[in-house]
Each structure stands twice: as C-alpha cells, then as structure tokens.
Amino acid sequence: MAFLEIKHASKTYHSGRARTEVLADINLEIAEGEFVAIVGYSGAGKSTLINFLSGLVAPDTGSVLLEGKPITGPGPDRGIIFQNYSLLPWLSVFGNIALAVDQVHRDWSADRRRQHIERHIAMVNLTPARDKKPHELSGGMRQRVSVARTLAINPRILLMDEPFGALDALTRATLQQETLQIWEADRKTVVLITNDPDEAILMADRVIPLTAGPRATLGPSIPITLPRPRRRAELNASYDFKQIRAEVTDYLLKSSDHRRLGVQRSLILPDIEPENLNTRSWTSTRRPVRRSEVKTETIET
Amino acid sequence: MSTTAPSGSSRVELFDAVVRYLFLNLGVPALAVALFLAAWSGVASTVKVSFGALPGPSAVANEAGNLWQDHLAERQRESDFYKRQTERRAAFLAKSPQGEWKDRRYAGRPTYIDQIVTSLKTVFVGFLIASLVAVPLGVVCGLSRAFNTAINPFVQIFKPVSPLAWLPIVMILVSALYNPTEPLFEKAFISSAIVVALCSLWPTLINTALGVASIDQDFLNVARVLRLSWFDKIFKIVLPAALPLIFTGLRLSLSVGWMVLIAAEMLAQNPGLGKFVWDMFQNGSSQTLAQIMVAVFTIGGIGFLLDRIMFALQRAVTFGRTAH
C-alpha cells in the first residue's frame, strides 16, 4: 500500500452547456518521504490534480487515499503552498503565520507558539520584515511567507501548486535552492506541480509528465538519479540532466500532438438582418429579423 | 560645494510648483466661494418675500452670531437659576431644618447648540441601530445565496421608502409599545432614531453582503485547510476581508441617516435641527429666512464633517492601498 495514492480519478467541469473532461484516469502512487514533481502544460488540470490531494476538490470518479484511508476534505496534515501565496492582506508576516500556528498548535503555550513562529520567519530569512504587510513585500518575499506558514503547521505532506510560477527567473532560482535546502533538513513527502521541466528535475526524486488536456492523464514516471544536494549551476553542465530534460520535454510535446495546432476563434456576427428599406407601406413595415448566429472558423497554421 | 543644493533655476521651478498647487487647491475654491457670495448678495436684495427681502450672506452671518449669543445668554440664565436655587435652599433649610425642599430643574428652551447636539445624538443612535442590524444580516446574506435571495425582495421594496412614510408608523408603534414610568428617552427621540435606522441600514446591508460574497476564494481555502471553526472563519477571515466594503456601506449609511434625520425631526418634533427649521418656518418673523439658512449651512457642514470622519475610518481599514 502506497503512502499517498490516487486511483482512476477523473474530473469534468461544466460551464453552461459545455462540459470539459479535464482529467481522465489519473493513477499515482507516492511513497513516504518522496519528492514527486508533476510537469504539464498550463491549463491541463494540474491545479485540479493537486487539489485532489489537498481535498479542496473531489474527483468525480475514482478515489484518493492517504495511508489507505480516503481523503474527504482539506486538513492541516497536508500543507499547501499556493501559486498566488494566499496571504491575508490585513495581517503582517507574523500575523499570517500566527493564524495558522494558533489554529494547529492550540495546546502549546503562547510563548512556545511565538518562538515557533519566529523560528520559521528566520528560516526563510524574513526576520527584518516580521511586521510588514504583504503589500509591502516583493513577490519572492511573499512566497517565503507562504512557505514559512505552511512549514510552521508541520504538515505530513507538502503540496506545492506552481509555487514559483509568478516570480522572475532569478528570484525563482534563489527560492528553488532555498526550498531544497529546507526540504533536505527533514525530507517530508512533497508533491510539486510545475510547468517548468528544469524546476521539476532540479528538485524532485521523480518527475511525472501530465499530458496535454483535455482528458489529461499522467505519463510514465521518470526517476531522477542526480545526486543531492543539487546545484543549479552544476546541473546546467551535467549530461544526465540534459538527457532527462530531453526525455521529459519530448514526452510532453508528443502528448500535445493530437491537439490541432492553431487558433480557434469565434466570430460573433450582429444578431440582426438588415431591414428592407424598399418597403414603402407605413402599415406593413417588415421588422428587422434577429437570429442568433455564431460562426466558428478554424485557422490552420 | 554640495551638488545636491538646488540651483537657482530649479528653486524657482519648485516655487512655481508650490504656488500653482496652492492656487489650484486653495485659491480656486476660495474664488468660487467669493463669486457665490457676491452673486447671492446681489440677487438677495432684489428678491422680496412676504416678510422683507431675501437675506444676504451678511444677514445670515449676523444671524449665526445672534444664535451663538442666545446660546451664551441662555447658559448664563441657567447657571444663575441654579445659583439662586442653591442660595434659596440654604436659606430655607436654615429657617426650618425639618422642612422638605425639592430641587427644580431649569426649564429654559433649548438653544441652537443644544439642538445640534440633540440631532447628533439622534443620528448616532439611529446609525448604531442600523449598523447592528445591517452588518450581521449582510454577513449572513453574503455567506448564503438562499438567504440573500430570500431577503432581496424586502431590500428592494423597503430601500426606496421615504422617511416621511415610515415616521407615522414608527410613531404610533413607539407610543403603543414604549411607556415606561420613568422614560430614559423622549418618544420623539426614539421615533426619529428608528426612522434614521430604517432608512440608513440599506447601504450597509448591501455593501456588507457584497463584501462577504466577493471574498477571494483563496482566503476561504486557507480557512478550509486550517479547519478554522465557523466562528474563527467569520472573525478572522470573512469580516476583515469584507471590512473595506462594510465601511463603504457605513459611510453611505451615515450620510443617508443625516439627510433623513432632518425630515424625521420636523415631523416627530424631536428637539434637533429639523424642529428648529420647522419652528422658524412657523414663526414667520423677519429673521426666519436667515435663521433657516444658518441651519442649512450647519446641516451641510456637519454632514461634510461626518463624511470626512467616515472616509478617514474607511481609509484606515482598507489594506494594501495606502501605499500610493
């Protein structure tokens, strides 16, 4: 029995009459202490997949199991680091982390909780910004707060939903390195969602590609045997790294071949037919005819 | 020589900028007010009403001074009265130590300042009632689509009702239900405050509901992941997140309340600014118009001040936008 498991899960979203099967037949097994990265296209359903694990979204079919027991809802045993940080803008750095710590470690004394919070702020190098509000922080600093908040509740599993996606390249590289260092200290189970193969290979023990949607599903997992601790600068020159990256990228590109490459656009025509101005009579004017018409055309590239 | 010291030309530019700023922000409004006063005094002398000419700015300013003098004189009379009473009591008790003495309260008429204070008290009590009803109701509306749909018809129908329509109903209900032996508040005061509440709770209700309903889903996800209790979710996530819109609603409510108050006081005979205007109108003396105009400017000025206070509060609770 795997530590964390998804079996035959699928999810369909309805929007008006349109229904899109985002994920189909997702199967995933993760061992305790493993760092797994799922790489996929934007909009392929990556966030839905990680929300199966967090419990924020339930699959339509199939099941999600933690140590054999089904996951029915979110909980602090699975800490999430959101892409958009989800910090509460009216609370300071300390306040944001305190909200989580006060809730999860209720039985601790106030002093112990305060020390615990201070330690986590120091861990992500934010002690000078302890009393700042999120809008006074840069994107990278906000994400650090989010990491500290999640780690402070000591979850068994860390779920990271494109954690560095909104950051500039240099900040992203720094935060990847910092996060790896923090992880290597206690090697929690981590599921990382990303659209960046480099990031996945740098950080994870195992990379699993998610095929292009709709009906996205997981591809074969690719073990990353590169020795730890990994340094980005060293990896760039590594032959193995390039080999794995080519493998991941090829698989993802192939998976999207079945999608027609091109642009689909809808032309919305005026919902009306012109009035006949030749009609002379005052009594029997022909009313303008309305008909709903949407013409869809596909431009091949 | 320091290189940061402004050179001659840039100092002139700075001076120009300051002058332009002052002219735009102080000079232009002052000019507009001066023009208005000139036009007013020009027109006023030509308009004849049944009791003399329309008062100009100087007549109105004069009347404001008179009202202030009246206030001071009345206060003087009051303190004189109490002084005399104390002396008389001392004399009475000296003559017959077993005798029973009863202190009397001064029964002078309320001055213009007293009436302003009464109006402010009334509007705050009404506003407080409205807030206590509207904020919790708005939170429930924002959290529950069903409740919001249920309450929506009432909001839509009662929102546009004039205070003058509510007042008779409220007055009758207050007379029927509020009959304590030692009344803490006047009936007119309670009726006015309730009418203010009835008319001013809608903006707060609607804005609170909107604020709660439009909370970022991510904030609620944080609450779900942490498994916050319902109580903690409301007080730690929902209310703080909705606070900027709640305060927008409260600000609108207070200005509606202040506007409604004058009408309510006129009809309910609550001794505030509304009653003052009505009494002056009934007087029909040569100062009537000037006195009413003083009241108009007072009402406007206080309304403006209340709005500024609420605006400052609103700014204080709006997070993230103070940086500009």
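Residues numbered from 1 in each chain as written. Chains lettered and ligands numbered in written order. Predicted model: local features only at pLDDT ≥ 70, side-chain atom pairs only at ≥ 80, totals over all residues. Heavy atoms only, no water.

Enquirer: Can you explain the overall build of chain B? Please cite residues and give values.
Expert: On a plain count of helices and strands, chain B comes out with ten helices and two strands. For 324 residues, the compact-globule formula gives about 20 Å, and the C-alpha radius of gyration of chain B, at 27 Å, lies well above that figure. Over its C-alpha atoms, taken along the principal directions, chain B stretches across nearly 80 × 65 × 50 Å. For chain B, restricting intrachain contacts to residue pairs at least 6 apart in sequence, the fraction spanning at least 24 positions comes to 73%. Treating the 27 positive side-chain charges of chain B as one cloud and the 19 negative ones as another, the clouds have centres 4 Å apart. (Helix = DSSP H or I, 4+ residues; strand = E, 2+ residues; numbered from the N terminus. Rg over C-alpha atoms; globule rule 2.2 N^0.38 Å. Contact = heavy atoms within 4.5 Å. Lys, Arg positive; Asp, Glu negative; His and termini not counted. Charge placed at Lys NZ, Arg CZ, Asp CG, Glu CD.)

Enquirer: Give a description of the overall build of chain A that names residues and reports values.
Expert: Looking only at helices and strands, chain A has eight helices and twelve strands in total. Partitioning the contacts of chain A with sequence separation of at least 6, the portion at a separation of at least 24 is 69%. If you sum the accessible surface of chain A, you get close to 15,600 Å²; carbon and sulfur atoms cover 51% of it. (Areas by Shrake-Rupley, 256 points an atom, 1.4 Å probe, with all protein chains shown as cover.)

Enquirer: Could you give me a rundown of the packing of helix α9 (residues 273-283) of chain B against helix α10 (residues 288-317) of chain B, with the residues and numbers involved?
Expert: All names here are of chain B. The N-to-C vectors of α9 and α10 enclose an angle of 165°; their axes lie 9 Å apart at closest approach. In terms of their interaxial angle, α9 and α10 are classed as roughly antiparallel. Seen along the crossing, α9 lies across α10 with a hand that is left-handed. Between α9 and α10, the contacting residues are Leu-273, Phe-276, Val-277, Met-280, Phe-281 and Asn-283 on the first element and Thr-288, Gln-291, Ile-292, Ala-295, Thr-298 and Ile-299 on the second. When grouped by side-chain class, the residues that make up the contact of α9 with α10 number eight nonpolar, four polar and no charged. (Axes fitted to C-alpha atoms, helices over the stretch in contact; angles between N-to-C directions. Parallel < 35°, antiparallel > 145°, perpendicular 65-115°, else oblique. Left-handed = near helix turned anticlockwise from the far one by under 90°. Nonpolar A, V, L, I, M, F, W, Y, C, P; charged D, E, K, R; others polar.)

Enquirer: Give me the nonpolar core: which residues, what numbers.
Expert: Leu4(A), Ile6(A), Ile38(A), Leu49(A) and Leu210(A) are the most contacted members of the largest nonpolar core, which has 92 residues in total. When residues of this core are assigned to their parent elements, the largest contribution, 16 residues, is made by helix α8 (residues 230-268) of chain B. Those residues in contact with Leu49(A) that lie beyond four places of it in its chain are Ile6(A), Leu23(A), Ile26(A), Ile38(A), Leu210(A) and Leu218(A). Tyr85(A), Leu87(A), Ala129(A) and Met160(A) belong to the second largest nonpolar core, which has 46 residues in total. (Core = buried A, V, L, I, M, F, W, Y, C linked by side-chain atoms within 4.5 Å. Buried < 20%, exposed > 50% of the residue type's maximum accessible area, 1.4 Å probe, protein only.)

Enquirer: Describe the pairing of strand β2 (residues 18-30) of chain A, with residues and values.
Expert: All names here are of chain A. As paired elements, strand β1 (residues 4-15) and β2 share nine bridges and run antiparallel to each other. The residue bridging Thr-12 from the neighbouring strand is Glu-21, located in β2. What sits between β1 and β2 in their antiparallel hairpin is a turn of two residues, with Gly-16 showing a positive phi close to 65°. (Pairing = 2+ DSSP bridges.)

Enquirer: A description of the pattern of salt bridges should follow, citing residues and the corresponding values.
Expert: For the coordinates displayed, the defined rule picks out 27 salt bridges over all chains. Salt-bridge contacts for Asp205(A) lead to Arg228(A); the nearest nitrogen and oxygen are separated by 2.7 Å. With Asp205(A) in the loop between α6 (197-203) and β9 (206-210) and Arg228(A) in the loop between β10 (222-223) and α7 (232-235), this residue pair connects regions lying 23 residues apart in the sequence. With a shortest N-O distance of 2.9 Å, Lys275(B) and Asp279(B) are connected by a salt bridge. Placement of the pair is Lys275(B) and Asp279(B) together in helix α9, with a separation of four residues, close to one helical turn. The class of Asp279(B) is partly exposed, set by a relative accessible area of 24%. (Salt bridge = Lys/Arg side-chain N within 4 Å of Asp/Glu carboxyl O.)

Enquirer: Would you mind going over the pairing of strand β8 (residues 189-194) of chain A in detail, with residue names and values included?
Expert: Residues and elements named next belong to chain A. Of all six residues making up β8, six are buried, and the element is well covered by its neighbours. Alternating positions in β8 separate into two faces, Thr-189, Val-191 and Ile-193 on one and Val-190, Leu-192 and Thr-194 on the other, with burial throughout. Sheet analysis places strand β3 (residues 35-40) next to β8, joined by five bridges and oriented parallel. Directly across from Val-39, in β8, lies its bridge partner Thr-194. For the segment spanning strand β7 (residues 157-161), helix α5 (residues 169-186) and β8, crossover handedness is right-handed. (Right-handed = clockwise from strand over helix to strand, strands pointing away.)

Enquirer: Can you tell me about the sheet that holds strand β4 (residues 61-66) of chain A, naming the residues and giving the values?
Expert: Residues and elements named next belong to chain A. Read across the open sheet, the four strands follow the order β2-β1-β4-β5; overall the sheet is antiparallel. With one partner strand each, in any of the chains shown, β2 and β5 (69-70) form the two edges of the open sheet. Strand direction decides the pairing type here: β4 and β5, joined by two bridges, are antiparallel. In the sheet register, Leu-65 faces β5, and the bridge partner there is Pro-70.

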